[in-house]
Amino acid sequence: MIHRGGLKCDLNYLIQGNTLGKYDEPNPDTDYEEIPVWNLVIDHPEATILWDTGNHEDALDSHWPEGLKQAFYPHDVQEHTLEGDLADAGYSLDDIDAVFQTHLHLDHAGGLHHFDGTDVPVYVHEKELKFAYYSEKTDKGSAAYILEDFDHDLNWEIVHQNRESHFEDVEFIRLPGHTPGLMGTKIHLDNHGTLVFAGDEIYQSVNYEDEVPLGAGLLWSNQEWFDSLQTLKDLERSHDAEVVYGHDPDQFEEIRSGWS
């Protein structure tokens, strides 16, 4: 698990209705907190897989538009470059045999430029790639994409189905809701059991345990988000799996301390 810094934001983006005004308190203080950004290195016998690529190292230096910077302020981004954080974990960019992108939002696809012009396969869902370009080339879609993050000469490996396995004991699972083509990953580890990485289908524990949706501005489809939530719960039950959330500070520290 690779710590890539954090984002400072209002938790209303992550948890629908987290802070609401009421008659006796029409202007309550919001929960403005830092959430972790992280990637994985999956040291698989068939390939060393980088799971997401995190923030662009120049996010604060003109790469991110001011509006996105103000909404999701990237903290310690210059201290947490992909190359440097991989080195701290004992890897180099040259060690990466494959890249898996859960989706192409700015805090997940910012390191793809490191693979521009290489033959390293970059796995992404067909619906995600189409929606990212649609969002950036029109005034529709999601504002959380940055064209310069993914518009490179990349060796795209397009995932077409809702569930695909390209490596033994590793399954890519489409979990639409946050975006049309978001994918999570189910991994079986011989010494740990089954882990299901939910990506941004689930930001924090309250989204999963209490079934509170993401903030409305970060939901492409509320119904598909709820259906994907049930997919995750089915996976948890059927595989006795541990579900890993996308941006939960408490779970991140617990897992990171156990895996580092």
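Residues numbered from 1 in each chain as written. Predicted model: local features only at pLDDT ≥ 70, side-chain atom pairs only at ≥ 80, totals over all residues. Heavy atoms only, no water.

A. Structural detail: the overall build of the chain. A count of helices and strands for the chain gives 8 helices and 12 strands. Taking 260 residues into account, the globule formula puts the C-alpha radius of gyration at 18 Å, and the chain, at 18 Å, falls close to it. The principal-axis extent of the C-alpha atoms belonging to the chain is close to 60 × 45 × 35 Å. In the chain, once contacts between residues fewer than 6 apart in sequence are set aside, the share between residues at least 24 apart is 66%. Within the structure as shown, the chain displays about 11,800 Å² of accessible surface, and the carbon and sulfur contribution to it stands at 42%. (Helix = DSSP H or I, 4+ residues; strand = E, 2+ residues; numbered from the N terminus. Rg over C-alpha atoms; globule rule 2.2 N^0.38 Å. Contact = heavy atoms within 4.5 Å. Areas by Shrake-Rupley, 256 points an atom, 1.4 Å probe, with all protein chains shown as cover.)

B. Fine view of the sheet that holds strand β12 (residues 242-244). The strand order across the open sheet built from 5 strands is β8-β9-β10-β11-β12, with neighbouring strands paired in mixed fashion. Sheet topology places β8 (163-167) and β12 at the edges, where each strand pairs with a single neighbour. Between one strand axis and the next, the sheet turns by 25 degrees as a mean value, whatever way the strands run. As defined by bridge partners, strand β9 (residues 170-174) adjoins strand β10 (residues 183-189) across 5 bridges and the pair is classed as antiparallel. Looking at β10, one finds that glutamate 171 is bridged to lysine 186. (Pairing = 2+ DSSP bridges. Axes fitted to C-alpha atoms, helices over the stretch in contact; angles between N-to-C directions.)

C. Representation of helix α4 (residues 126-137) in the model. Taking 1.5 Å per residue, 12 residues should reach 16 Å; α4 reaches 17 Å between its end C-alpha atoms and fits that length. Taken residue by residue, α4 has Glu128, Leu129, Phe131, Ala132 and Ser135 as its buried positions. Buried residues along α4 cover an arc of 165 degrees about the axis, so they all sit on one side. Facing away from the buried side of α4, by more than 90 degrees, are the exposed residues Lys130 and Lys137. (Expected span 1.5 Å × (residues − 1). Buried < 20%, exposed > 50% of the residue type's maximum accessible area, 1.4 Å probe, protein only. Arc of directions from axis to C-beta.)

D. Region of the structure containing the nonpolar core. Of all hydrophobic cores here, the largest spans 35 residues; its most connected members are Leu14, Trp64, Phe72, Ile202, Tyr208 and Leu232. Among residues more than four places away in sequence, those in contact with isoleucine 202 are Asn207, Tyr208, Trp225, Leu229, Leu232, Tyr245, Gly246 and His247. If you look at the next biggest cluster of nonpolar residues, it comprises 22 residues, including Ile2, Ala109, Val120 and Val122. (Core = buried A, V, L, I, M, F, W, Y, C linked by side-chain atoms within 4.5 Å.)

E. Main features of the packing of aromatic side chains. Here the structure, examined in full by the defined rule, presents 13 aromatic pairs. Consider the rings of tryptophan 38 and tryptophan 51, whose centres lie 5.3 Å apart with planes at 5 degrees: the pair is stacked. Separated by 13 residues along the polypeptide, tryptophan 38 in strand β2 (residues 32-43) and tryptophan 51 in strand β3 (residues 48-51) bring together distant segments of the chain. Each member of the pair, tryptophan 38 as well as tryptophan 51, carries the same accessibility label: buried. Summarising the aromatic geometry, the rings of tryptophan 51 and phenylalanine 197 are spaced 5.7 Å apart at their centres and angled 55 degrees between planes, so their arrangement reads as tilted. Residue tryptophan 51 is found in strand β3, and its partner phenylalanine 197 is found in strand β11 (residues 193-197); the two are separated by 146 residues along the sequence. (Phe/Tyr/Trp six-rings, centres within 6.5 Å; stacked < 30°, edge-to-face > 60°.)

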